[in-house]
Amino acid sequence: MKTYTFLLQLFLHYANMSFVSVSIQRFGFCCLPINWAGLDFEGKSKRFYILLQGGDCLEKRELQSLVDKMSLKEKIGQLTQFTPQYLGREDGELTGIMGDFAVDQVYLDSLGSVLNATDRNEVIAMQREHLKKDRLKIPLVFMRDIIHGYRTTFPIPLGLGATFDPQLVEEVSHVAGTESAREGIQVTFSPMADLCRDARWGRVMEGTGEDPVLNAQMAAAMVRGYQGAPGELVKDPTRIAACVKHYAGYGAVLAGRDYNNVDFSRLSLYQDYLPAFQAAIEAGAKLIMPAFTLFEGLPATASEYLLKKVLREYLKFDGVAISDWGSVGKLLTMHIADSQERASELALNAGLDMDMMAGAFVRGLSDAVAAKKVAVEDVDRAVLRMLNLKNDLGLFENPYRFIDAHETLPPAPSSESRRYARVAAEKSVVLLKDKNVLPISVKSHIAVTGPLAASQRILGAWSSYGKHDDAVSLYAGLKNQFENVSLIPDPISSDPADYANFDVIIVGLGEREDDSGESACKTRIELPEDQVALIRRLQHTGKPIIGVIFAGRPLALTNVVPYLDGLLYAWFPGTEGGNALANLISGKAVPEGHLPMTFPRTTGQVPIYYNEPRNGSPADDQHPTKFTSRYVDCQNSPLYPFGYGLSYGHIEYGKLQVNQPVLTDDQPIQITVAVTNDSDYRSSTLVQCYVGSTITSVVRPVSELKSWVKVVLEPNQTDQVTLTISVDDLAYVHSNLERFADKGDFIVRIGENAEEYQELTLAYQ
Ligand code: BGC
């Protein structure tokens, strides 16, 4: 086959044409337009169709030969990403970096990527203009943040974490990807695989919580959802490429303040922060974004240790490393560099491929190369990665990526995308309290009140193109389903007597959408005082009160929980939030959500997370004593532990049964537990399996989540749930940064959350 391809190249060479790039694995035998250098992508008359098979090797060589044809400026353009404004689109004056310096037109004509184009019309127009200008006709790649939906908005990622359902998360990511692809977006800056332990940090809403195993499963699910199986990206119009971020440890920002410094050990990097990135990379993520933050005193953008040693050698990542917004320029702000030349040198030599929005490479990289501070081969390597990405997306063959196929996709939100949004929202809501008030009959007389009762601003901070007008508020959702629902718009001035004819009060509480997300951190995570006052006032009605809380983070709810009879934590549930909540409140759906982050009693406990390492002076909340690790004004335990979540009815756990007491390298242990719904409602439980070691070589957490099984049971139904423990579940990172399991005793804890479980001591031999 190689001979045929060679002959074909020879023919094309003598016919004075560039040859095509085709891959055996992807296409097999297929017919493709030749739309390479010198040929017009759009001029149908100039298209040549040929039949050939290619090979990976040949393809790489062709990409390399394209690199060889590029001038240094063209290469630097290829490694640069700007917003449409920088290409002279949109009216306004150029502000920020572009207002400060003139960019040589060659850089703009050979630009690699555009960030935040608004829709398919803009994408098509920009690509068309670009292909006219770029000497080598290398298509632009269009990227944007699609974090929890494009137009159809799904629950915020923290809410998706609460579903503990990677399959569902994969499906909604595919819907989000499909809607994005339709609008010309080819890469999303998602998943955010950051480990989140500090609820003050606004970006906890973008992650899936505090557990490395849960985060790893969710990050991988998102990547699969966006990209599909390996090789699908190039041929499936509904797929886009995923950029996992923010690598690594951004969630550790001190004091929960965005962009602040971080400081954690290599041990913690490998044990806590890397697993979710590793999972996303293994699932095939095509790009990675270094964090704004530091590692061992160096910004991740300029950390050779992170970007080469760990990323390329340990994690075996061979995709594109794209900076976060303006990060290369921040090397000057952090006094690591004193010029654009030095900043470019530091970033490129550390292993960064693409400069997002700093304009540092276009200002400084050619000088760094001229001064021999950066080797051309390193620039070429970065360019090749960019071309590989474009090739993986099929852009060389199809620079407008399936525009015809996209015409046939239904406009969003469609009834199908809304169905996904509703199911995801239902499964994300966590029932925190129920004094037998829920579910309620559709005939009940319901008063709905509170600041978020009728609000459509429940999409969440990163809803991309989500429209508030599409969102179903709590009140609207209840109206769709219950017969007697009244909105009390001004609860503060209402009189308790106004509620006399109602059976139940539902109060919509929480924080504003823009109180969480990027650069939206808090020093107090309690509910605002007027909301606490409202609940206390409603107490005087003598009616049962059900709270529904909308929030982008765990809130400290100690001062309201005692006054509520039922409490549903809805996160920001997205477009179908109100309908999902109504289904749960009526019992049409049962609560299945579980907390992916620990809920503190008060802000002062934060950061609080279930899997913190042991300390030498452990405190006992029941018998507090001096000189133990505790507070004098608050217990150590959280208000609600990680994994917590009620359902309707009650599920009883039987005794744990183990198939063998000893674990060996080739014999995993199986633990079985019977779960019985002994109530009159359909009910759900999340059977969680935690593992802890007895004696370890470095100080370790008491318990760590390893796996879980979600069960939904009809009344009187029993299920046998089996969980498997293998040696890998005991493995941890040792002082030499190697991950392996120690022989000896270990403890398995199986239960409904991180604090309520049955345990068994077993041995690994
Ligand atoms: C954020 C990233 C985001 C990027 C592009 C940055 O400010 O930190 O998460 O992907 O902007 O919008």
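Residues numbered from 1 in each chain as written. Predicted model: local features only at pLDDT ≥ 70, side-chain atom pairs only at ≥ 80, totals over all residues. Heavy atoms only, no water.

**Some words on the overall build of the protein**
At step 1: When helices and strands are tallied, the protein shows 22 helices and 29 strands.
At step 2: Computed over its C-alpha atoms, the radius of gyration of the protein comes to 28 Å, within 12% of the 27 Å expected for a compact globule of 765 residues.
At step 3: Referenced to the eigenvectors of the C-alpha coordinate spread, the extents of the protein come out at roughly 85 × 60 × 50 Å.
At step 4: Sorting the 765 residues of the protein into buried and exposed places 61% on the buried side.
At step 5: Within the structure as shown, the protein displays about 29,500 Å² of accessible surface, and the carbon and sulfur contribution to it stands at 50%.
At step 6: Averaging the positions of the 73 positive and the 94 negative side-chain charges in the protein gives two centres separated by 3 Å. (Helix = DSSP H or I, 4+ residues; strand = E, 2+ residues; numbered from the N terminus. Rg over C-alpha atoms; globule rule 2.2 N^0.38 Å. Buried < 20%, exposed > 50% of the residue type's maximum accessible area, 1.4 Å probe, protein only. Areas by Shrake-Rupley, 256 points an atom, 1.4 Å probe, with all protein chains shown as cover. Lys, Arg positive; Asp, Glu negative; His and termini not counted. Charge placed at Lys NZ, Arg CZ, Asp CG, Glu CD.)

**Some details on the site of the ligand**
At step 1: Within the structure, the ligand sits among Asp145, Phe189, Arg203, Lys245, His246, Met289, Phe292, Asp324, Trp325, Met356 and Glu518.
At step 2: A distance of 2.4 Å separates an oxygen atom of the ligand from a polar side-chain atom of aspartate 145.
At step 3: A distance of 2.7 Å separates an oxygen atom of the ligand from a polar atom in the side chain of glutamate 518.
At step 4: Protein burial of the ligand: of its 310 Å² of free accessible surface, 94% is covered by the chains.
At step 5: Taken together, the residues of the shell around the ligand break down into 5 nonpolar, 1 polar and 5 charged. (Near = heavy atom within 4 Å. Polar contact = N/O pair within 3.5 Å; in protein donor to acceptor, adjacent residues only side chain to side chain. Nonpolar A, V, L, I, M, F, W, Y, C, P; charged D, E, K, R; others polar.)

**Points about unusual backbone geometry**
At step 1: Going from serine 190 to proline 191, the amide bond is cis rather than trans, its omega being 10°.
At step 2: Checked against the element boundaries, proline 191 lands in the loop between β6 (187-188) and α10 (212-227).
At step 3: Cis geometry is adopted by the peptide bond preceding alanine 248, which originates at tyrosine 247 and carries an omega value of -5°.
At step 4: In this structure, alanine 248 sits in the loop between β7 (241-247) and α11 (266-282).
At step 5: The phi dihedral of phenylalanine 402 is positive, around 60°, even though this residue is not glycine.
At step 6: With respect to the helices and strands, the residue phenylalanine 402 is situated in the loop between α16 (376-392) and α17 (403-407).

**With respect to the pairing of strand β14 (residues 445-449)**
At step 1: In terms of residue burial, β14 counts as a mostly covered element, since 4 of its 5 residues are buried.
At step 2: Both β14 and strand β15 (residues 484-488) contribute to a ladder of 5 bridges, which runs parallel. Residue pairing for β15: threonine 449 is matched across the bridge by isoleucine 488.
At step 3: Once the chain exits β14 it traverses helix α19 (residues 474-481) before rejoining the sheet at β15, and the crossover so formed is right-handed.
At step 4: Note that β14 and strand β16 (residues 504-510) share 4 bridges and pair parallel. The residue bridging valine 448 from the neighbouring strand is isoleucine 506, located in β16. (Pairing = 2+ DSSP bridges. Right-handed = clockwise from strand over helix to strand, strands pointing away.)

**Focus: the confidence of the model for the protein**
At step 1: For the protein, mean pLDDT is 91; residues scoring 70 or higher make up 91% of the total.
At step 2: pLDDT under 50 marks residues 1-58. Its contacts with residues more than four places away, or in other chains, come to 98 contacts. (pLDDT = per-residue confidence, 0-100. Contact = heavy atoms within 4.5 Å.)

**Some words on the pattern of salt bridges**
At step 1: One pass over the structure, following the stated rule, counts 40 salt bridges.
At step 2: A salt bridge links aspartate 380 to lysine 75; its shortest N-O distance comes to 2.8 Å. One end of the pair, aspartate 380, is in helix α16; the other, lysine 75, is in helix α4 (residues 72-78), with 305 residues separating them in the sequence.
At step 3: On the basis of relative accessibility, which here comes to 8%, the residue lysine 75 falls in the buried class.
At step 4: Taken together, the salt bridges that share partners define one network made up of Glu511, Arg512, Asp514, Asp515, Lys522 and Arg553. (Salt bridge = Lys/Arg side-chain N within 4 Å of Asp/Glu carboxyl O.)

**Focus: helix α15 (residues 360-370)**
At step 1: Within α15, burial applies to Ala360, Phe361, Val362, Gly364, Leu365, Ala368 and Val369.
At step 2: Lysine 372 sits one or two residues past α15 and shows a positive phi near 60°.

**Overview of the packing of aromatic side chains**
At step 1: In total, this model carries 20 aromatic pairs according to the counting rule given.
At step 2: Geometrically, the ring pair formed by tyrosine 610 and phenylalanine 642 is stacked, given 4.6 Å between the ring centres and 20° between the ring planes. On the criterion of sequence distance, the pair formed by tyrosine 610 in the loop between α21 (577-586) and β19 (651-653) and phenylalanine 642 in the loop between α21 and β19 is long-range, its members being 32 residues apart. Each of the two residues, tyrosine 610 as well as phenylalanine 642, counts as buried. (Phe/Tyr/Trp six-rings, centres within 6.5 Å; stacked < 30°, edge-to-face > 60°.)

**Remarks on the pairing of strand β5 (residues 141-144)**
At step 1: Side chains Val141 and Met143 project from β5 onto one buried face, and the interleaved Phe142 and Arg144 project onto a second face that is buried too.
At step 2: Here strand β4 (residues 113-115) runs beside β5; their pairing, made up of 3 bridges, is parallel. Following the sheet pairing, valine 114 is matched in β5 by phenylalanine 142.
At step 3: Handedness of the β-α-β unit built from β4, helix α7 (residues 120-133) and β5 comes out right-handed.
At step 4: Two elements, β5 and β6, share 2 bridges in a ladder whose sense is parallel. Residue pairing across strands places arginine 144 opposite threonine 188, the latter belonging to β6.

**Some details on the sheet that holds β16**
At step 1: Taking strand neighbours across the sheet as the criterion, the 6 strands line up as β13-β18-β17-β16-β14-β15 in an open arrangement whose pairing is mixed. Each end of this open sheet is capped by a strand with a single partner; those strands are β13 (430-434) and β15. On average, each strand axis in the sheet is tilted by 20° relative to the strand beside it, whichever way the strands run.
At step 2: Of the pairings in the sheet, the one linking strand β17 (residues 545-550) to strand β18 (residues 566-569) comprises 4 bridges and is parallel in character. Following the sheet pairing, isoleucine 546 is matched in β18 by glycine 566. (Axes fitted to C-alpha atoms, helices over the stretch in contact; angles between N-to-C directions.)

**Points about the sheet that holds strand β21 (residues 662-663)**
At step 1: Strand order across the open sheet formed by 5 strands is β21-β29-β28-β23-β24, with mixed pairing between neighbours. Every interior strand has two partners, whereas the edge strands, β21 and β24 (704-713), have only one.
At step 2: Bridging between strand β28 (residues 744-751) and strand β29 (residues 757-764) involves 8 bridges; their strand directions are antiparallel. Each bridged residue has a counterpart across the sheet, and for glycine 744 the counterpart in β29 is tyrosine 764.

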